[in-house]
Every structure is written in C-alpha cells, then in structure tokens.
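# Observations on chain architecture
This is what each chain is made of:
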Amino acid sequence: MPASQPRSRARDRNNVLNRAEFLSLNQPLKGNQENRSSGRKQSGQAGGAGTQSSNPKERRQSQQLPEEDCMQLNPSFKGIAFNSLLAIDICISKRLGVCANTASSWGGARSMINLLGITGHGIPWIAGTLICLVKSSTLAGQEVLMNLLLALLLDITIVAGLQKLAKRKGPYDITPGLLDYLTMDTYAFPAGHASRVAMLSKFFLNHLVLAIPLRILLVLWALCVGFSRVMIGRHHITDVLSGFVFGYLQFRLVELIWMSSNTCQMLISIW
C-alpha cells in the first residue's frame, strides 16, 4: 500500500499538468508559435519594405550630400586662392585705415584726408565743368568740355551700377556723406573716386598741353586721392585698384564715342 500511494500521486500530477490551462507551462502552443512566426515574417517583410522604400531616399541623399560636403570641405584651388587673397586684402586694408575714426593713429589728419577726397568727387567736377562751359567762347574749348561732362556722367552711372551689383561694404562701418548719396557712391567696389581721378588724369594728359612737372603732379594727385579712400576706411585696396582700371576703361569708351564740334554746338544750342 505505501508503494502504490506514490504511484497514484505521480499519475495525478501528470494528469493535472496535461490539462489545457497548464500546457503553456510545459511547452508553447502551436497557435502561438504560428502567430509569432507569422508576426516575425510580417515584421521582417515590413522592415524589408521600409528599407527598400527608404533606400531611394538614402540614395538621393547620398548623391546630394557628398557634393555639398565636397564643396564645403574640399573647395577647389581657385576658391582657396580667392578666399586667401580676399582675407589678405581685408587685413591690409584695415591696417592702412589709419584715419578711419578720430581714435585711429592718424585720426587728427582725417579732416585733411577728407578734403583731399573732395577734390576727386563727382559733384564739384560736374559743377566746375558746367561753369567753364558757360564761360568758354571757343569751339575747341566747348568741344573738350562737353566730352568731359559726358565722361563724368558716364563715370557716375557706371560706378553706381557696378556698386549696386557688387554691394561690397568697406573695411570699416562708415556712413557715406551727403555728396556720396548724391552720386550714389554708397558701396565699396569699385571705388568711385579712384575711377574718376584715373579717368580725369588720363583725359587731361591727352587733351591738354601740360608741362612735365604738371603731368607728374596730376598723376600723383590721382594716386593720393585713390589711396586716401583706403586711409579713411571707405574702400579696400582692391576697390581702389579696380577703380583705376575702370577709370581707364571709361576714358577709352569716351574716346570711342567722342562728340564732334558740330554735335557739341547742337547740344549747347538746345541747352
């Protein structure tokens, strides 16, 4: 009897564990396995579809981003050279701006440098040309003065248009004066004073009979006016140099469209 009791107890235990509510403790149900396997397949397919759907986007990004990165991180040799020259130009121009404000090293000479710059401004030259044109009584003099007036008007128009296109600011934050606003000389590139004095000096050297000392003084005046704009902090060195180049090109343009004496007399009569 004692031996039969443990056997009956073991059988009862096996029967209890074979019930449906206890089967999950011994082994997983077939339905659960199928559901899990189907869920894994569906998730795998969804993940595969997601990766396939995301692949074109990633490919597009991989096609676009490296190009942008190459432009930023691996610039061309021309870009590096241009940025280096631009940085050198800004650095030297700021060091040469010794009259940029009253606290600068040459701040006491700022008024004198500004007065030198006025000698190359467009408004005084246009006003002086008109006064001389009214008082002139010779045909040759009127012809030269009319073409000089044309050259001054072309200079103001061309420089103002180029400055509006470039919109480059000077090395120092200096507000333009009243005369600068009248001639629309509000930006740095190219320097309007430099182009004007270069054009005027070349015009006078070609159409006026001047002694050698006066020719030398005329060239020195043009150089001083041009680089005085760097000293007061209105322009960079490249702005002044480009202004000299544009001034020479403007002189060549005026020579190509030179108005004859008859044309000048007709315009004077209309005026």
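Residues numbered from 1 in each chain as written. Predicted model: local features only at pLDDT ≥ 70, side-chain atom pairs only at ≥ 80, totals over all residues. Heavy atoms only, no water.

Moving on, we come to helix H6 (residues 122–135). Between the first and last C-alpha of H6 there are 20 Å, a value that for 14 residues agrees with the 20 Å anticipated at 1.5 Å per step. On the buried face of H6, the contacting elements are helix H7 (139–166), helix H9 (192–207) and helix H12 (261–270). (Helix = DSSP H or I, 4+ residues; strand = E, 2+ residues; numbered from the N terminus. Expected span 1.5 Å × (residues − 1). Contact = heavy atoms within 4.5 Å.)

What follows concerns the packing of aromatic side chains. Summed over all chains, the structure comprises five aromatic pairs. For the pair Phe 227 and Phe 244, a centre-to-centre distance of 6.2 Å together with 65° between the ring planes defines the contact as edge-to-face. One end of the pair, Phe 227, is in helix H10 (residues 212–231); the other, Phe 244, is in helix H11 (residues 237–256), with 17 residues separating them in the sequence. Pairwise contacts between aromatic rings join Trp 125, Phe 203, Phe 204, Trp 221 and Trp 258 into one cluster. (Phe/Tyr/Trp six-rings, centres within 6.5 Å; stacked < 30°, edge-to-face > 60°.)

As a further point, take the nonpolar core. Grouped together as the largest cluster of nonpolar side chains are 24 residues, with contacts concentrated most on Leu 200 and Trp 221. Of all the secondary-structure elements, those providing two or more residues to this core are H7, H9, H10 and H11. With seven residues, the single largest contributor to this core is H9. The contacts of Leu 200, once residues within four sequence positions are left out, are Trp 125, Leu 148, Leu 152 and Trp 221. (Core = buried A, V, L, I, M, F, W, Y, C linked by side-chain atoms within 4.5 Å. Buried < 20%, exposed > 50% of the residue type's maximum accessible area, 1.4 Å probe, protein only.)

Here Gly 243 shows up in helix H11. Sequence-distant contacts of Gly 243, that is, excluding residues within four places in its chain, are made with Pro 190, Ala 191, Ala 194 and Ser 195.

For the largest pocket, the calculated volume is near 230 Å³. Listing elements by their share of the lining of the largest pocket, those giving two or more residues are helix H5 (110–118) and helix H8 (178–182). Here the element with the most residues in the lining of the largest pocket is H5; it accounts for five residues. Grouping the amino acids of the lining of the largest pocket by side-chain chemistry returns seven nonpolar, six polar and four charged. The calculated volume of the second largest pocket comes to roughly 180 Å³. Taken together, Lys 169, Gly 170, Tyr 172, Asp 173, Ile 174, Thr 175, Pro 176, Thr 186, Tyr 187, Ala 188, Gly 233 and Arg 234 make up the lining of the second largest pocket. Residue composition of the lining of the second largest pocket, by class: five nonpolar, four polar and three charged. (1 Å grid on protein atoms, 1.4 Å probe; cavity = no way out; pocket = protein on both sides within 12 Å on 5 of 7 lines; lining within 4 Å. Points joined across faces, edges and corners; volume = space filled by probe spheres on them. Nonpolar A, V, L, I, M, F, W, Y, C, P; charged D, E, K, R; others polar.)

Here the focus is unusual backbone geometry. The amide bond that connects Phe 189 to the next residue, Pro 190, takes the cis arrangement and shows omega of -10°. Tracing the chain through its elements places Pro 190 in the loop between H8 and H9. A positive phi is found at Lys 167, a non-glycine position, where the angle reads about 55°. Structurally, Lys 167 is set in the loop between H7 and H8.

Oppositely charged side chains may form a pair once their charged atoms are brought near each other. In this structure the tally under the stated criterion is three salt bridges. With a closest N to O distance of 3.0 Å, Arg 168 and Asp 89 form a salt bridge. On the criterion of sequence distance, the pair formed by Arg 168 in the loop between H7 and H8 and Asp 89 in helix H4 (residues 77–96) is long-range, its members being 79 residues apart. Of the two residues, Arg 168 and Asp 89, both sit in the buried class. A salt bridge links Arg 196 to Asp 155, with the shortest nitrogen-to-oxygen separation between them at 3.0 Å. Pair noted here: Arg 196 is in helix H9 and Asp 155 is in helix H7, with a separation of 41 residues, a long-range link. Using a relative accessible area of 3% as the deciding quantity, one classes Arg 196 as buried. (Salt bridge = Lys/Arg side-chain N within 4 Å of Asp/Glu carboxyl O.)

Okay, the environment of Phe 204 next. By the element assignment, Phe 204 lies in helix H9. Spatially, the C-alpha atom of Phe 204 lies 8.9 Å from that of Arg 215, the residues being 11 residues apart in sequence. When sequence neighbours within four positions are dropped, the list of residues in contact with Phe 204 reads Trp 125, Leu 148, Leu 210 and Leu 218.

Glancing now at the packing of H6 against H7. Running from amino to carboxyl end, H6 crosses H7 at an angle of 160°, the nearest separation of the two axes being 10 Å. With respect to each other, H6 and H7 are oriented roughly antiparallel. The element H6 and its partner H7 pack so that their crossing is left-handed. For the pair H6 and H7, the contacting residues are Trp 125, Ile 126, Thr 129, Leu 130, Cys 132 and Leu 133 in the first and Gln 142, Leu 145, Met 146, Leu 148, Leu 149, Leu 152, Leu 153 and Ile 156 in the second. Classifying every residue of the contact of H6 with H7 by side-chain character gives 12 nonpolar, two polar and no charged. (Axes fitted to C-alpha atoms, helices over the stretch in contact; angles between N-to-C directions. Parallel < 35°, antiparallel > 145°, perpendicular 65-115°, else oblique. Left-handed = near helix turned anticlockwise from the far one by under 90°.)

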